[in-house]
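So the chains spell out like this:
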Amino acid sequence: MRRRIKTIAWTFVLTLAATLLALNLTSGEKKLDEQIKREYTLHDPQYQRALGVMLGPPITEGNRFKALYNGDQIFPPMLDAIRGAQQSITFETYIYWSGDIGQAFADALAERARAGVKVHVLLDWLGSAKVDEGFIREMERAGVEIRKFHKPDWYDIARMNNRTHRKLLVVDGRIGFTGGVGIAPAWTGDAQDAEHWRDSHFQVEGPVVAQMQAVFMDNWVKVAGDVLHGARYFPALAPVGDGRAQMFSSSPSGGSESMHLMYLLSIAAATRTIDLSSAYFVPDDLTVGALVAALQRGVRVRIITPGPIIDSKTVRSASRAAWGPLLEAGAQISEYQPTMFHCKVFTVDGLLVSVGSTNFDNRSFRLNDEANLNIYDEAFAKAQTVQFERDLQQSRRLTLEAWKERPLREKVIERVAALLSDQL
């Protein structure tokens, strides 16, 4: 009898585990399975109408942008904005770990909360698993409201595979920051060695900041059940420049395919150039097909991904497994050499620059909550092209011949890693 009870118990546990795994490895939404037809060019007003009406919020006028490269440029303006806050701070991030930079953010956020500023921090439960709990206690004692995104509960464990990967900081509803950085020592410095990563982040002012705030509020309401509104969070925003932009977001609970579709539409509309900086480049068949079609109609496609210094060897292997058709079609694929390359920047035809948290992989397109700022500005795009070419100088291009001649062991590892691409 005891053995039978034990067998039943183990059967129940294994069945439950298999059920939870299945729930976390599948999505309830239909996956895109048709190639996007080319209907217009990127400079055609119809393209921008499609992105502003069919997929995302309207494109706003009157914005100003500043690109920040690596921690030495990125963190000081973010901390200065926090320290100058008068009304509110909303901060959502995937990674918040430890170190001096974690302490600096905790101190700045806590000080503003003590001064009466409303401070709301949303951390991904998984991404912040290594946070110094002393930082959390310090901020909470000061009055900072901290929530964890999708902390596992037994009654809703299926959410475990849906993380918030968004990186958003909005201060007083007037100045915003988004891009690739997390709050951890790896993002400090100036990408000077393997311990300090190469990344880009972007400072934003103007009417589009209200859209950034709205994206934060989307997840804050999900987790806290609290609607933050009023002039403290959404002040009237006058034009401050001549840049056009929209804040684009996606989530499995509300349009998981939107980000994927935005990229596919942009690739289909490209006429001249596509430059992609991607920390995790694991393209699915649709993305590969769209890029190959662009190459076949004469679009120059250049891609920079991490080289041997990467925080996930599995991702690098799965990425390289998919490069054959791209290299055969003429894509220029280069691997960054000095350190981990964590940038996520997509520039098309000298006009569109899409920056934010989104990687070119299934996890970003279907599983995570992501947010990108789409900027339509030729001067800004030109500056990003200059930076892309600086990164190219520190990258090693992989030719089709070298890809074909890589060792058999690498090919086997890549083929196995590719089997996991739906979860990478």
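Each remark here, short or long, concerns the structure printed above.
On a predicted model such as this, the values are computed, not experimentally measured, just so you know. (Residues numbered from 1 in each chain as written. Predicted model: local features only at pLDDT ≥ 70, side-chain atom pairs only at ≥ 80, totals over all residues. Heavy atoms only, no water.)

This model, assessed by the stated rule, comprises 13 aromatic pairs. On the numbers, 5.8 Å between centres and 80 degrees between planes, the contact of phenylalanine 75 with phenylalanine 105 is edge-to-face. A residue pair is termed long-range when its members are at least 10 positions apart, and phenylalanine 75 in helix 3 (residues 70-83) and phenylalanine 105 in helix 4 (residues 99-114) qualify at 30 residues. Phenylalanine 105 shares its class with phenylalanine 75; the two are buried. Pairing phenylalanine 346 with phenylalanine 360 gives two aromatic rings, centres 5.9 Å apart and planes at 45 degrees, and the pair type is tilted. (Phe/Tyr/Trp six-rings, centres within 6.5 Å; stacked < 30°, edge-to-face > 60°. Helix = DSSP H or I, 4+ residues; strand = E, 2+ residues; numbered from the N terminus. Buried < 20%, exposed > 50% of the residue type's maximum accessible area, 1.4 Å probe, protein only.)

Before going further, it helps to spend a moment on helix 2 (residues 45-55). The set of residues buried in helix 2 consists of Tyr47, Gln48, Ala50, Leu51, Gly52 and Leu55. Buried-residue contacts for helix 2 involve strand 8 (243-250), helix 7 (258-269), strand 13 (352-356) and strand 14 (370-376). Residue aspartate 44 occupies the N-cap position of helix 2, its side-chain oxygen lying 2.8 Å from the main-chain nitrogen of glutamine 46. (Contact = heavy atoms within 4.5 Å. Polar contact = N/O pair within 3.5 Å; in protein donor to acceptor, adjacent residues only side chain to side chain.)

Between helix 2 and helix 7, whose axes approach to 11 Å, the crossing angle comes to 170 degrees. If you check the angle between helix 2 and helix 7, you find them roughly antiparallel. Contacts from Tyr47, Leu51, Met54 and Leu55 in helix 2 reach Ser258, Leu261, Met262, Leu265, Ser266 and Ala269 in helix 7. A per-class count over the contact of helix 2 with helix 7 returns eight nonpolar, two polar and no charged. (Axes fitted to C-alpha atoms, helices over the stretch in contact; angles between N-to-C directions. Parallel < 35°, antiparallel > 145°, perpendicular 65-115°, else oblique. Nonpolar A, V, L, I, M, F, W, Y, C, P; charged D, E, K, R; others polar.)

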